[in-house]
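# What the coordinates show
Here's the letter readout for the chains.
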Amino acid sequence: MLILSRKVGQGIRIGDAITVTVMAVDGAHVRLGLEAPATCKILREELWRSIARDNAAAAGAGVPPGAFAQLLRHNTAE
């Protein structure tokens, strides 16, 4: 895991297409701005976990680590 320090208005680039910018800091809360192509799916961690859990329950089996992320990449490539 890469850990960076950024101030409000500063950002980072992920590859050529994704920019993450610190928009505001209020105590323990950080507001981020994300710029990415429409084909790039962006989910909050807790939402991703909830979807993976629901999918596993619907399938009646456990979800192998990374399976949901692989599915997202596959669907994005189409």
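Residues numbered from 1 in each chain as written. Predicted model: local features only at pLDDT ≥ 70, side-chain atom pairs only at ≥ 80, totals over all residues. Heavy atoms only, no water.

### So, the overall build of the chain
A count of helical and extended segments in the chain gives 2 helices and 3 strands. The 78 residues of the chain split such that 13% are buried. In the chain, 12% of the contacts between residues at least 6 apart in sequence involve partners at least 24 apart. For the chain, the computed accessible surface area is about 6500 Å², with 57% contributed by carbon and sulfur atoms. (Helix = DSSP H or I, 4+ residues; strand = E, 2+ residues; numbered from the N terminus. Buried < 20%, exposed > 50% of the residue type's maximum accessible area, 1.4 Å probe, protein only. Contact = heavy atoms within 4.5 Å. Areas by Shrake-Rupley, 256 points an atom, 1.4 Å probe, with all protein chains shown as cover.)

### What to know about the confidence of the model for the chain
Across the chain, pLDDT averages 87, with 88% of residues at or above 70. When pLDDT is averaged over each helix and strand of the chain, the minimum, 73, is found for helix α2 (residues 67-77) and the maximum, 97, for strand β2 (residues 18-26). (pLDDT = per-residue confidence, 0-100.)

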